[in-house]
Amino acid sequence: MGRVRELEIAERFLSSDAETSILLIHGAGGIGKSTLLRELARRAEPAGFAVHWIEGRDVAPAPDALESLLGEAQREERPLVVFDTFERIASLGGYLRKALLPTLPDGARVVIASRERPDDAWFRDGWESIAAELEIDDVTREDAGEILRMQGIDGGDAADDIVRWAGGSPLALSLAAIAAGAEPGWEPTRGLERPEFVEELVRRLTDEDVFGPHLATMGAAAIARVTTPELLAQAIPGCDPQAEFEWLAKRYTTEPVGSGLGFHDLVARALRTVISRRNPELERDLRLRIADHLYERAVATGQLLLSIDLAHLAEDPTIRWGYSWEASARLRLDDAGPGDALTLAELIRGTPHEEDFELTERLLQEAPQHVATVKDSEDKIVGYAVALSPRNAPAFVDSDRILGPRLAHARERAIHLESVIWRDVVDASGDPMLGVIGMLGMAGILRSAQRNPRFAYLPIDPMFPGAPEFAEALGAEHLAELDAKSDRRVIECHLVDYGHGGLLAAQRELVYRELGLEPPATEAEPEPVRTAVRDALRNLD
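Within every chain, residues take consecutive numbers counted from 1 along the sequence as written. Totals for whole chains, interfaces and linings use every residue, but because this is a predicted model, local features are given only for residues with pLDDT of at least 70 and side-chain atom pairs only at 80 or more, for both listing and counting. Each side-chain value is worked out from all heavy atoms of the structure, with water and hydrogens disregarded.

## Brief notes about the pairing of strand β9 (residues 371-375)
Within β9, 5 of the 5 residues are buried, which leaves the element mostly enclosed by the surrounding structure. Relative accessible area decides the class of each residue, using a 1.4 Å probe on protein chains only: under 20% of the type maximum gives buried, over 50% gives exposed, and in between gives partly exposed. Labels follow the DSSP assignment, with helices taken as runs of H or I lasting at least four residues and strands as runs of E lasting at least two, numbered in each case from the N terminus. Burial along β9 is two-sided: the residues Val 371, Thr 373 and Lys 375 and Ala 372 and Val 374 are all buried. Note: strand β8 (residues 332-335) against β9, 4 bridges, orientation antiparallel. Each bridged residue has a counterpart across the sheet, and for Arg 332 the counterpart in β9 is Lys 375. Two strands pair if DSSP finds at least two bridges between them. Taking the residues that link successive antiparallel strands as the turn, the β9-strand β10 (residues 381-388) hairpin has 5 residues, and the phi of Asp 379 there is positive, at about 65°.

## Topic: unusual backbone geometry
Unlike most non-glycine residues, Thr 85 shows phi in positive territory, near 55°. Within the secondary structure, Thr 85 sits in the loop between β3 (79-84) and α4 (93-100). Exposure remark for Thr 85: the relative accessible area of 6% places this residue in the buried category. Positioned with a positive phi, Asp 125 is a non-glycine residue whose angle comes to about 60°. Looking at the element boundaries, Asp 125 is found in the loop between β4 (109-114) and β5 (131-135). By relative accessible area, which is 71% here, Asp 125 ends up exposed.

## Regarding the sheet that holds strand β1 (residues 22-26)
One key point about sheets: their strands pair by backbone hydrogen bonds, in either a parallel or an antiparallel sense. On the basis of which strands lie adjacent, the open sheet formed by 5 strands has the order β2-β3-β4-β1-β5 and parallel pairing. At either margin of the open sheet sits one strand with a lone partner, and together these are β2 (50-55) and β5. Here the strands of the sheet are splayed against their neighbours by 15° on average, with no regard to which way each runs. Where helices are involved, their axes are fitted lines through C-alpha atoms of the stretch in contact, as for all axes, and angles between N-to-C directions lie from 0 to 180°.

## Things to note about the pattern of salt bridges
By definition, a salt bridge exists where a carboxyl oxygen of Asp or Glu is found within 4 Å of a side-chain nitrogen of Lys or Arg. Counted by the stated rule, this structure contains 32 salt bridges. Close ionic contact of Glu 283 with Arg 287 constitutes a salt bridge, the shortest N to O distance being 2.5 Å. Separated by 4 residues within a single helix, Glu 283 and Arg 287 lie in helix α14 (residues 280-301), roughly one turn from each other. One salt bridge connects Asp 334 with Arg 332, and the closest N-O pair in it is separated by 3.5 Å.

Structure, rendered in structure tokens:
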């Protein structure tokens with residue numbers, strides 16, 4: 001099912017006029033490499049190829065082992081040699097290129113599948129003229145739905161939940177379909193409590209012994225958004241952080257993220273479930289130590305971007321709905337500009353957001369930095385937000401019916417403290433579980449605040465599912481006198497006071513409270529004199 005592009009490439013590769021004779025396939029565990037190889041082999045036989053399948057797990061990493069396996073292929077006219085799980089014998093790549101592949105007949109084809117990207121050596125010294133690379137991506141939502149239908153789950157909320165949870169992994173889709181078929185009413189989030197399901201998923205995704213000597217390292221990497229040697233040093237006292245980081249970097253299911261590493265999202269979720277069930281004390285200790293590390297690093301360096309990593313540790317779905325980066329695997333933030341005005345206008349046509357779009361258009365023309373968009377994997381805008389602070393607000397927004405009163409309130413209340421004010425947050429995806437709102441919430445903070453913000457002014461539509469609950473979960477105060485009312489809607493103003501430790505301290509406190517612990521005391525941040533003087537000069541009137 002699906003894989004149309006990949007199969008077209010495979011068909012061209014098998015044709016008599018193919019430009020390449022080596023196909024290097026790679027992708028994450030459970031993404032469908034072996035399935036694609038089996039289909040390629042099935043199509044090769046009618047085309048006159050003799051298929052030779054070599055499973056990397058079964059081959060000793062020694063040249064003699066490969067020589068004996070390729071002996072028969074060397075004597076045939078059109079062999080197709082398929083290497084699956086090549087990462088297990090990747091050390092033989094140089095010998096394969098130097099001594100074995102040149103001995104195959106001219107009509108031979110070689111397919112090498114691995115969880116790792118091919119070495120650069122495959123694309124130099126002449127090999128680049130006969131080798132092609134094929135990366136296997138996540139299956140599309142449409143193909144995922146069809147895969148479930150073929151296994152007896154025909155649409156509806158259950159199918160949507162499974163597709164969303166699987167995150168494009170065919171393996172996860174298949175296992176979930178089996179579980180759902182065996183237990184009517186099964187749901188993936190609840191089903192993760194079943195040991196036989198989640199541990200099979202972890203085993204097949206990671207191909208690792210989870211409860212081995214590197215358990216704490218795997219746990220830390222599953223909990224943290226980005227794992228660095230510095231994080232490991234604080235999360236796992238007494239370990240050799242550099243050695244553990246290097247071990248983690250060699251796993252097939254990790255990938256570079258920022259300045260460190262991270263597990264594939266599905267792997268991380270499954271690992272967290274297994275570890276929290278089998279070793280809850282370890283999971284709890286790792287989560288606390290990681291929260292402390294991120295908070296201390298953020299305060300020491302002033303990196304507000306670490307708010308993303310702190311938000312990743314929160315488990316409350318109500319808070320994650322409005323402030324989370326978890327959708328970043330499917331969505332991305334992007335700058336907005338004058339060219340986006342028509343697209344955004346069409347996006348909100350016929351909705352209550354339409355009546356307040358005039359100011360958004362002006363911001364797009366004169367101050368586009370205050371408008372953030374979210375785009376899906378097809379580069380289509382699925383949401384946008386308008387946010388700013390008293391420090392950087394253009395003068396013309398003071399007359400806006402929504403922003404004007406809230407800016408005045410922020411300036412009067414705490415001119416020397418960082419405040420972020422949202423005017424509009426629009427999710428046009430049609431899927432409230434996609435995570436658009438959460439990413440726009442983070443975009444407002446990261447784009448508007450220069451330092452750790454103390455206050456947040458939230459635009460709450462009481463009729464929008466999730467919005468009132470989000471404000472309540474944050475302990476926001478409803479400032480009814482700042483509500484903006486019209487014939488079509490009411491935009492309530494809810495003020496969040498994160499406390500004298502600001503947003504960063506509040507995020508760490510949330511982790512502690514979720515674990516039933518009293519948060520550590522935080523000292524008030526001293527206000528830099530230069531900032532206070534600069535704010536005073538800007539507001540002499």
